[in-house]
Amino acid sequence: MMKQENKDGEGEVELVQAGIREVLPNVDTGSALPQKKTPSGKVKVLHLNYTRSQKGELVETEIEHLRFFAKTAKELGLRLEILTNSKSREDVAQELNQDEYQELEYNITISQKPVSKWAEDSVEYLENGKVAVLKQFNDELLQKAMTEGRRHRWQGKLTQENLEEALEEDHLWIPLGIRVNASETVIERERAAQNQGQEVAHIRAYIEGGNMITGEDATGKPVIIIGQDAIATTAYIYQIDDNDVRRIICEDFDLATIEQVICVEQPGQFHLDMGMLFIGNGIVIVNDSSEELKDAIEMAEMVPCLTTEKMAAKLQLQFELEEKAATDLEEAGIKVIRRKLEKYMMYNFFNGEFVQGKDGGNYYITNGGPEEKEEEFEALMVQEWKVVKKVIFSPIVAAQQSFKDRGGVGCRIKGGY
C-alpha cells in the first residue's frame, strides 16, 4: 500500500513538473540589469517594509530598525520608500513626524495586507525603471526541488546520516531559502508598484534577492552571482539544465553571455548575502569558519556527546560549503578574500547595503556587533580595502534580535532607483 501511495505521489509531482515545463513564461523585464549591490551601484534610495507582529502588536525590533534607517537616511541624504499596511502606518507616521526627521525625504505606500519585513528578497529594481517580482511557484514542488539540489551537491561533505538530517531538518542546519514564495509580499509589492504607475515584470528563475548579488568584474563588465540553491531549484522546476537557467537569467537581466552569471555554492548560509560580500571590481569577501570548526572539533573530542558532535558536524558542513563557494568564484575569475565576518547570532557584517551619501562618498550600512569586531571590520573596509568612507552599524541589540529571525539589515532594506 505504501509503495502505491509513493508512486501516486511521484506521479502527481511529475504532472506538476510537466505542467510547469510547458509554460516557461516569456521575457517581460525588458532585459535590464538589476540595481548593483556593489559601491558602483551608487544607491540613493532605500526601500524597506515595516510591519507589526502577526497579532498586530508593535515590535520593538521593528521600530528600532525603522528609527535606525530614518536617522541614517537623514544623515546621508538618502530617500526612504516605505511599504506598510494601514494598521502599521500609524507607527511609521508617529516616528517620522518627529522634529529630528524634518529634513528626511520619504514616501509611504500602503499595502492591503501586512508585508514581510524582508524587503530584499521579493523584488528587483531594474535599470529601465521596471519593478521585477518573483513568479509564484507550487510550494511543495519548490521545497522538493531545492532539497534535491542540495542532496546532489552535498554528497560526501558529511556522513549520509547527517546529510539526511540536514535535508529533513533544514531549519536546524541551513534553512531553505523559500520564504518569499510562502508569503503574500510579492503580491503586495506588485500591487503597490502598479498603483504608483510603475511597470511590473517577473523574474522567471526562483531567486530570492539575498541569493543574488549584482556587481562587476575587474574590467567593469556586469556580472551576477547566484546561489546554487536558486540554479538547481529553477532547473528542477522547469526540467532544464543549469546552463539553460543561466540563459534565462541572461535574458531577464541583459547579460551577453552565461559566463556573466556566476553560480556559487551557498556559503554555509541560505542566502549568499549572509556569508559573502561583493565589494566591487571583481573582489568578493567570503567567510572563513576554519578556526571556529577547529575549536568545535576539539570540544567534541574533549567532551564527546550528541550536542558537541552535532555542532562540529554543522560547522564542518559550513566550512566545506564556504570552501566550495570560494572555489566557484575563483574559477569564474573573481578575486576572493577570506575573512571571518560573522558569528552565529552575535554579528554579521556580510549582510548590508552600499549607498552613496549626499557628499558623493560611498558608505556601507550593516548590522551592529561587539565594539572590537566593528572596529576591525571598519578598518578593513576603510583603510585596507578602501571601498567606503565609513561603515554605519545598527544598534547591536536590535541586530541580534533580528538574527533570531534569520535576517539582518541587508535583508530589511533594498537599494533601488
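Reading the values: rules and limits
- Residues numbered from 1 in each chain as written.
- Predicted model: local features only at pLDDT ≥ 70, side-chain atom pairs only at ≥ 80, totals over all residues.
- Heavy atoms only, no water.
- 1 Å grid on protein atoms, 1.4 Å probe; cavity = no way out; pocket = protein on both sides within 12 Å on 5 of 7 lines; lining within 4 Å.
- Points joined across faces, edges and corners; volume = space filled by probe spheres on them.
- Helix = DSSP H or I, 4+ residues; strand = E, 2+ residues; numbered from the N terminus.
- Nonpolar A, V, L, I, M, F, W, Y, C, P; charged D, E, K, R; others polar.
- Pairing = 2+ DSSP bridges.
- Axes fitted to C-alpha atoms, helices over the stretch in contact; angles between N-to-C directions.
- Contact = heavy atoms within 4.5 Å.
- Phe/Tyr/Trp six-rings, centres within 6.5 Å; stacked < 30°, edge-to-face > 60°.
- Buried < 20%, exposed > 50% of the residue type's maximum accessible area, 1.4 Å probe, protein only.
- Lys NZ or Arg CZ within 6 Å of the ring centre and 35° of its normal.

Once that is clear, we can look at empty space enclosed by the protein. What the rule picks out here adds up to four cavities of 30 Å³ or more. By volume, the largest cavity amounts to about 90 Å³. The wall of the largest cavity is formed by 13 residues, among which Lys37, Asp273, Leu277, Phe350 and Gly352 lie closest to the centre. Elements with a minimum of two residues in the lining of the largest cavity: β10 (276-280) and β15 (352-356). Roughly 70 Å³ of internal volume is contained in the second largest cavity. The wall of the second largest cavity is formed by Gln35, Lys37, Glu120, Glu124, Gly209, Met212, Thr214, Glu353, Lys414 and Gly415. Secondary structure elements with two or more residues in the lining of the second largest cavity: β7 (212-216) and β18 (413-416). Looking at side-chain class alone, the lining of the second largest cavity contains one nonpolar, four polar and five charged residues.

Our next topic: the sheet that holds β7. Pairing between sheet strands relies on hydrogen bonds along the backbone, with the strands arranged either parallel or antiparallel. Strand order in this open sheet of three strands is β7-β8-β9, and the pairing throughout is mixed. Only two strands of the sheet have a single partner each, and these edge strands are β7 and β9 (261-264). With strand direction ignored, the average angle separating the axes of adjacent strands in the sheet is 25 degrees. Here strand β8 (residues 222-227) pairs with β9 via four bridges, running parallel. Each bridged residue has a counterpart across the sheet, and for Ile225 the counterpart in β9 is Ile262. Packing against the sheet, helix α8 (residues 228-238) makes contact with β8 and β9, and its axis sits at approximately 75 degrees to β8.

Here we come to the layout of surface pockets. Here the largest pocket defines a volume of roughly 680 Å³. Lining of the largest pocket is provided by 26 residues; of these, Trp173, Gln269, Gln318, Tyr344 and Arg406 occupy positions nearest its centre. Put simply, the parts of the chain that give the lining of the largest pocket at least two residues each are α11 (306-331), β13 (342-343) and β14 (347-348). In terms of residue count, α11 provides more of the lining of the largest pocket than any other element does, five residues in total.

Applying the stated criterion to the full structure yields nine aromatic pairs. With centroids separated by 4.9 Å and ring planes inclined at 20 degrees, the aromatic side chains of Phe349 and Phe377 adopt a geometry described as stacked. Taken together, the residues span a long stretch of sequence, with Phe349 in the loop between β14 and β15 and Phe377 in helix α12 (residues 371-384) at a distance of 28 residues. Note on accessibility: Phe349 and Phe377 belong to one class, buried. Every member of this aromatic cluster is reached through a ring pair, and the members are Tyr347, Phe349, Phe354, Tyr364, Phe377 and Phe393. Seen from the ring of Trp173, Lys314 lies directly overhead, with NZ or CZ sitting 5.7 Å from the centre.

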